[in-house]
Amino acid sequence: MMSRRMACRVTAVLLAVAAAVPVGTATAAPGPPPPAGGRALTGPASPATAGRTTAGRTTAGRTTAGRTTVACAAGRGPYQRQVERWLRLAVDGRQSAADCEAVRAFQTRQGIKPANGYAGPVTWARMRLLSARTAPTDTGTEGASGDAAGPATGAVSDPASGSAAGPASGAATGGASGPAAGVVASGGCPVRSYRVACVDLRRQLTWVQKGGKTLFGPVAMRSGGAGHRTRTGWFRIYWKHKNHWSSLYNAPMPYAQFFSGGQAFHAVHGSIHTTGGSMGCVNLRLADARKLWSVLKTRDHVYVWGRRPGS
């Protein structure tokens, strides 16, 4: 009896000891201390986005304050030279690391996304818009575009210029043969005592001016592409239809203001910064088209000149 109790106690003691001593476990090595600022390192980095946290500094593919930035674009954009010249960088048409960081900084300030340093159409359009805001008719800074200036062949000329009148198709659809005498600004929009809606095809900008005062814009726009060019010359707003629907293209044309046949100012819901152009109309952002609607009246003059790059 005694030996059986003793054996039970010995067994209990042995079981307790076995439970207290873990068998086959390994102690994990302590992790590295967090970097300065108290933030832990992120997961494994990829060539596109290095998962390193940087306090107060944004670099290519790194995470700053919980946000992972887009990798810096390696290739040159279609407007590389123009963007380099605008930013006063060395103009060689090639994308360097310094170029990318300079473009990225501009994109970040302007709220352009993704801010990846790519010299694309959105970035270049923003630069042109900023240049035109102070002096819309001054096209001297646009030599970087490399596009030919001046109205396209067949434009309806302003009688004040003394040149022969162009095609009469505009008059039959609401266009004007040309306003009263005045001076046409070289490479820009004519300055008149009445409202003129200016459409600069080369810079893809539009604005409204009266005398020396700008009443609207300039804002970015999209004109007709290859095979569907926006007609150049003098016209007049002949019909306004706020909720117009195109029966030809089965598409909405909000805030449509027609000035030459089926060509009109109107809003689009998608991006206006595309490689291809419109089907001939002057496309605007919805907010810009809405504001232009309130500025222009029926019979107001429209002047279109230049040529869209690539058209």
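Conventions and cut-offs
Residues numbered from 1 in each chain as written. Predicted model: local features only at pLDDT ≥ 70, side-chain atom pairs only at ≥ 80, totals over all residues. Heavy atoms only, no water. Disulfide = S-S within 2.5 Å. Helix = DSSP H or I, 4+ residues; strand = E, 2+ residues; numbered from the N terminus. Buried < 20%, exposed > 50% of the residue type's maximum accessible area, 1.4 Å probe, protein only. Contact = heavy atoms within 4.5 Å. Salt bridge = Lys/Arg side-chain N within 4 Å of Asp/Glu carboxyl O. Phe/Tyr/Trp six-rings, centres within 6.5 Å; stacked < 30°, edge-to-face > 60°. Pairing = 2+ DSSP bridges. Axes fitted to C-alpha atoms, helices over the stretch in contact; angles between N-to-C directions.

Help me understand the state of the cysteines in this model?
Defined simply, a disulfide is a covalent bond joining two cysteines at their sulfur atoms. In total, this model carries 2 disulfides according to the counting rule given. Two residues share a disulfide in this structure: Cys72 and Cys100, whose sulfurs sit 1.6 Å from each other. For the disulfide bridge between Cys72 and Cys100, the dihedral angle about the S-S bond is near -130 degrees, and by the sign convention the bridge is left-handed. Placement of the pair is Cys72 in the loop between strand 2 (67-68) and helix 2 (80-86) and Cys100 in helix 3 (residues 97-110), with a sequence separation of 28 residues. Judged by relative accessible area, Cys100 falls into the buried class, the value being 2%. Note on cysteine connectivity: Cys189 is disulfide-linked to Cys198, with sulfurs 2.0 Å apart. Torsion about the S-S bond of the Cys189 and Cys198 cystine: about -80 degrees, corresponding to left-handed handedness. For Cys189, a relative accessible area of 0% corresponds to the buried category. In the chain, the cysteines engaged in disulfides, taken in order along the sequence, are linked 1-2, 3-4.

Can you walk me through the environment of Gln107 in this structure?
Summarising the element assignment, Gln107 is placed in helix 3. Given a relative accessible area of 1%, Gln107 falls into the buried group. Linking Gln107 and Val122, residues 15 residues apart in sequence, is a C-alpha distance of 9.5 Å. The contacts of Gln107, once residues within four sequence positions are left out, are Ile112, Pro114, Ala115, Asn116, Gly117, Tyr118 and Thr123.

What is the right way to read the pattern of salt bridges from this model?
In a structure, side chains of opposite charge can pair up when their charged atoms sit close to one another. Across all of its chains, the model carries 4 salt bridges by this definition. Close ionic contact of Arg285 with Asp288 constitutes a salt bridge, the shortest N to O distance being 3.0 Å. Classification of Arg285 as partly exposed rests on a relative accessible area of 44%.

Would you mind showing me how to read the packing of aromatic side chains here?
Each aromatic ring pair is characterised by the separation of its centres together with the angle its planes make. Following the criterion strictly, the structure yields 10 aromatic pairs and no others. Aromatic side chains Trp239 and Phe258 sit 5.1 Å apart centroid to centroid with 20 degrees between the ring planes, which places their arrangement in the stacked category. Of this pair, Trp239 sits in strand 7 (residues 239-246) while Phe258 is found in strand 8 (residues 251-260), placing the two residues 19 residues apart along the sequence. Look at Trp239 and you get partly exposed, because its relative accessible area is 38%. Taken together, a centroid distance of 5.4 Å and an interplanar angle of 20 degrees make the contact between Tyr303 and Trp305 stacked.

Explain the sheet that holds strand 10 (residues 282-284) to me, please; I cannot follow it from the model alone.
Two strands in a sheet stick together by hydrogen bonds in their backbones, pointing the same way (parallel) or opposite ways (antiparallel). One open sheet accounts for 4 strands, arranged 7-8-9-10; its pairing is mixed. A strand with exactly one partner marks an edge of an open sheet, and here the two such strands are strand 7 and strand 10. On average, each strand axis in the sheet is tilted by 30 degrees relative to the strand beside it, whichever way the strands run. Sheet topology note: the strand 9 (residues 263-267)/strand 10 ladder contains 3 bridges and is parallel. Within strand 10, the residue paired with Phe265 across the bridge is Val282. Along the sheet face, helix 6 (residues 286-295) touches strand 7, strand 8, strand 9 and strand 10 and points at about 45 degrees away from the line of strand 8.

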